[in-house]
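Here are the chains, one letter per residue:
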Amino acid sequence: MTMTKVYEKAPAKINLLLDVLRKRDDGYHEVEMIMTMVDLADRLEMEELPRDQIVLSSQAGFIPLDEKNLAFQAARLIKERYGVCKGVYIHLDKQIPVAAGLAGGSSDAAAALRGLNRLWGLGLTVQELEDLGAELGSDIPFCVRGGTAVARGRGERLESIAPPPPCWVVLAKPPINVSTADVYGKLRANEIQDHPSIPGMLDAIARGSFADVCAGLGNVLESVTLGRYPEVRQIKEVMKRLGADGVLMSGSGPTVFGLVSKESKVARLYNGLRGFCKEVYVVRMLT
């Protein structure tokens with residue numbers, strides 16, 4: 001029986017650690033990251049069309065529904081690469097904030113690759129889907145795989161690891177958009193003094209030490225984003241003052257997350273942050 005409709009969740013990711021080692025000759029940056037997923041997610045519904053075209057719709061009025069959308073690009077790539085002469089209608093229920101450092105677009109593309117692999121019975125392995133994703137964006141291979149992983153290279157070389165200790169994650173996105181390319185463009189990789197410790201974070205996760213995970217959080221892109229967007233620095237300071245156990249900007253920003261072990265603190269953080277920005281989310285890590 002052939003499927004005519006499939007559904008995929010596209011969870012957001014946060015960076016527990018983001019380090020940049022150097023700028024490469026190909027223009028990309030050599031990175032080391034530890035990423036994990038949280039249960040804030042977009043949802044994609046994919047349905048085969050009788051005509052050979054890609055149609056994308058969404059309830060969100062502020063995202064492109066054409067070639068500029070990564071999910072559209074993913075559908076086009078898998079169609080062309082595997083000679084699929086069928087069309088697809090993709091409805092994208094958008095819940096993850098856009099241009100937020102949470103890999104929403106990358107996760108949508110990953111969900112499109114996974115879903116179309118099933119819809120069209122292509123039988124591609126996870127590795128093959130990751131390789132396809134790497135052609136479209138550096139975060140997409142991780143979003144295909146999910147879980148918790150160390151990412152190296154430009155983000156496409158992955159090593160799955162155990163999840164961090166379960167906790168609450170409070171996400172706050174100020175009403176600004178930050179361009180990842182812009183932040184990396186202003187980063188001087190050879191001038192970074194303070195590199196976060198990958199071995200230290202791996203050890204903290206392996207031991208299940210929530211306190212040491214919080215102490216080991218680090219993101220070298222903060223040196224650029226916090227200097228240019230005082231709103232992001234302010235949210236970090238408010239989160240710390242309200243008692244979050246660990247606070248970090250995710251990706252290139254502007255979203256800041258706070259890790260919280262005690263549920264009793266969550267409401268205080270949520271209510272306190274709502275005074276500064278509308279987009280505040282309380283979620284759990286996906287373990």
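Each remark here, short or long, concerns the structure printed above.
Residues numbered from 1 in each chain as written. Predicted model: local features only at pLDDT ≥ 70, side-chain atom pairs only at ≥ 80, totals over all residues. Heavy atoms only, no water.

## What about the overall build of the chain?
In step 1: Looking only at helices and strands, the chain has 10 helices and 11 strands in total.
In step 2: In terms of C-alpha radius of gyration, the chain reaches 19 Å, essentially the compact-globule figure of 19 Å for 287 residues.
In step 3: Principal-axis analysis of the C-alpha atoms places the extent of the chain at approximately 55 × 45 × 35 Å.
In step 4: The burial tally for the chain puts 56% of its 287 residues in the buried class.
In step 5: Once local pairs closer than 6 in sequence are excluded, the contacts in the chain between residues at least 24 apart make up 75%.
In step 6: For the chain, the accessible area works out to roughly 12600 Å², and carbon and sulfur atoms hold 49% of it.
In step 7: Taking the 35 positively charged and 35 negatively charged side chains of the chain as two groups, their mean positions are separated by 4 Å. (Helix = DSSP H or I, 4+ residues; strand = E, 2+ residues; numbered from the N terminus. Rg over C-alpha atoms; globule rule 2.2 N^0.38 Å. Buried < 20%, exposed > 50% of the residue type's maximum accessible area, 1.4 Å probe, protein only. Contact = heavy atoms within 4.5 Å. Areas by Shrake-Rupley, 256 points an atom, 1.4 Å probe, with all protein chains shown as cover. Lys, Arg positive; Asp, Glu negative; His and termini not counted. Charge placed at Lys NZ, Arg CZ, Asp CG, Glu CD.)

## Focus on the layout of surface pockets
In step 1: Estimated volume of the largest pocket: approximately 1100 Å³.
In step 2: Lining the largest pocket are 42 residues, with L70, A103, S106, D139 and T180 positioned closest to its centre.
In step 3: Of all the elements, helix α2 (residues 104-119) adds the most residues to the lining of the largest pocket, at four residues.
In step 4: In this structure, the second largest pocket encloses a volume near 220 Å³.
In step 5: Taken together, 13 residues form the lining of the second largest pocket, with D194, N219, V220, E222 and S223 sitting closest to its centre.
In step 6: For the lining of the second largest pocket, the secondary structure elements donating two or more residues are β8 (218-219) and α8 (222-228).
In step 7: Examining the composition of the lining of the second largest pocket, we find that three residues originate from one element, α8, more than from any other.
In step 8: Across the lining of the second largest pocket, the residue classes break down as five nonpolar, five polar and three charged. (1 Å grid on protein atoms, 1.4 Å probe; cavity = no way out; pocket = protein on both sides within 12 Å on 5 of 7 lines; lining within 4 Å. Points joined across faces, edges and corners; volume = space filled by probe spheres on them. Nonpolar A, V, L, I, M, F, W, Y, C, P; charged D, E, K, R; others polar.)

## Brief notes about the pattern of salt bridges
In step 1: As enumerated under the stated definition, the model contains 22 salt bridges in all.
In step 2: As a salt-bridge pair, K68 and D66 come within 3.7 Å of each other at their nearest N and O atoms.
In step 3: Between D212 and R207 there is a salt bridge, with its nearest N and O atoms 2.7 Å apart.
In step 4: Classification of D212 as partly exposed rests on a relative accessible area of 33%.
In step 5: Bridged by salt links that share partners, the residues R22, R24, D26, E30 and R157 form one connected network. (Salt bridge = Lys/Arg side-chain N within 4 Å of Asp/Glu carboxyl O.)

## Some points on the packing of helix α1 (residues 70-81) against α2
Each pair of packed helices gets described by two things: the angle between the helix axes and the distance between those axes.
In step 1: With their axes 7 Å apart at the nearest point, α1 and α2 run at an angle of 35° to one another. In terms of crossing hand, the pair formed by α1 and α2 is right-handed. Residues L70, A71, A74, A75 and I78 of α1 pack against G105, S106, D108, A109, A112, L113, L116 and N117 of α2. (Axes fitted to C-alpha atoms, helices over the stretch in contact; angles between N-to-C directions. Left-handed = near helix turned anticlockwise from the far one by under 90°.)

## Quick look at the pairing of strand β6 (residues 157-161)
In step 1: Note: strand β5 (residues 148-153) against β6, five bridges, orientation antiparallel. When the sheet's bridge partners are listed, A149 is paired in β6 with S160.
In step 2: Linking β5 back to β6 in an antiparallel pair, the connection comprises three residues, with G155 at a positive phi of about 120°. (Pairing = 2+ DSSP bridges.)

## Let's talk about helix α9 (residues 230-241)
In step 1: For α9, with 12 residues, the first-to-last C-alpha span of 16 Å sits near the 16 Å given by 1.5 Å per residue.
In step 2: Check the buried side of α9 and you find it contacts β7 (168-173), α8, β9 (246-249), β10 (256-260) and α10 (263-274). (Expected span 1.5 Å × (residues − 1).)

## Some points on the packing of α2 against helix α3 (residues 126-134)
In step 1: The contact between α2 and α3 brings their axes to 10 Å, and the two run at 135°. Considering their axes alone, α2 and α3 lie oblique with respect to each other. Seen from above, α2 lies across α3 with right-handed handedness. Between α2 and α3, the residues in contact are L113, R114 and N117 and L129, L132 and G133, respectively.
In step 2: Split by residue class, the contact of α2 with α3 holds three nonpolar, two polar and one charged. (Parallel < 35°, antiparallel > 145°, perpendicular 65-115°, else oblique.)

## Points about the pairing of strand β2 (residues 29-49)
In step 1: Most of β2 is tucked away, with 16 of its 21 residues classed as buried.
In step 2: Examined bridge by bridge, strand β1 (residues 5-23) and β2 share 17 bridges and lie antiparallel to one another. If you follow V20 over to β2, its bridge partner there is V31.
In step 3: What sits between β1 and β2 in their antiparallel hairpin is a turn of five residues, with G27 showing a positive phi close to 95°.
In step 4: Here seven bridges tie β2 to strand β4 (residues 87-93), and the two strands are oriented antiparallel to one another. Across the sheet, the residue bridging to E45 is H91, located in β4.

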